[in-house]
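Observations on the three-dimensional arrangement
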Amino acid sequence: MTGPVRRCELTGTGAAARARAEVHRLADEALLAGLPVSEVVEGDAALVASELVAHTDGPCALELALTAGGIDIRVISSAWQAAPGGRDHLAWWGLLRLLAQDMSVRTHTVAGVTTVRVQIADAGPGS
């Protein structure tokens with residue numbers, strides 16, 4: 001991590017909107033720290049964070065971190081509507097894969113939670 005970090009617990013109606021707001025707050029904090037985030041990265045990260053949060057059926061933890069050239073997003077939940085990346089999530093999962101520089105899904109069997117990590121980064125000039 002190279003800059004600001006935001007962590008929060010989200011649940012209920014409005015959770016996806018709050019996830020988007022948290023991404024924008026992280027971008028604002030980064031700007032104040034002299035580490036501006038491009039509009040493309042900020043917009044893509046807001047969309048990805050809200051989609052991940054929207055596909056949980058209960059409380060989840062959202063972790064955002066500024067990295068070199070982008071934003072790292074983690075959503076941790078034990079209440080996914082279906083397994084992230086599985087057949088039931090093909091439409092929105094495909095969108096995430098298009099926007100992501102890197103992504104991973106990790107199931108923690110002892111804790112009963114799944115962590116989805118998505119890295120959004122600038123593709124470079126003209127992106």
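A quick note: this is a predicted structure, and the numbers were derived from the prediction, not measured.

**Side note on the overall build of the chain**
From N to C terminus, the chain includes 3 helices and 5 strands. Burial status across the chain gives 43% buried among its 127 residues. Here the chain has roughly 6700 Å² of accessible surface; of this, 53% comes from carbon and sulfur atoms.

**Some remarks on the nonpolar core**
Counting residues in each nonpolar core, the largest one holds 32 residues, and the members touching the most others are L10, L52, L62, I71, I73, V75 and V118. Elements represented by at least two residues in this core include exactly strand 1 (5-10), helix 1 (15-32), helix 2 (39-54), strand 2 (60-67), strand 3 (70-77), helix 3 (90-99) and strand 5 (113-121). Counting residues per element, this core draws most heavily on helix 2, which supplies 7 residues. Setting aside anything within four residues of it in sequence, one finds L52 in contact with I73, V75, W80, W92, L96, V116 and V118.

**Focus: the environment of A49**
Position of A49 relative to the elements: it lies in helix 2. Spatially, the C-alpha atoms of A49 and R18 are 9.5 Å apart, while their sequence positions differ by 31 residues. Once residues within four sequence positions are removed from consideration, A49 is found in contact with A19, V23, L62 and I73.

**A few points about the environment of G3**
As for its placement among the helices and strands, G3 is situated in the segment before strand 1. A sequence separation of 32 residues divides G3 from L35, and the C-alpha atoms of the two residues are 7.5 Å apart. In this structure G3 touches L35 and L66, once residues within four positions along its chain are discounted.

Analysis parameters
Residues numbered from 1 in each chain as written. Predicted model: local features only at pLDDT ≥ 70, side-chain atom pairs only at ≥ 80, totals over all residues. Heavy atoms only, no water. Helix = DSSP H or I, 4+ residues; strand = E, 2+ residues; numbered from the N terminus. Buried < 20%, exposed > 50% of the residue type's maximum accessible area, 1.4 Å probe, protein only. Areas by Shrake-Rupley, 256 points an atom, 1.4 Å probe, with all protein chains shown as cover. Core = buried A, V, L, I, M, F, W, Y, C linked by side-chain atoms within 4.5 Å. Contact = heavy atoms within 4.5 Å.

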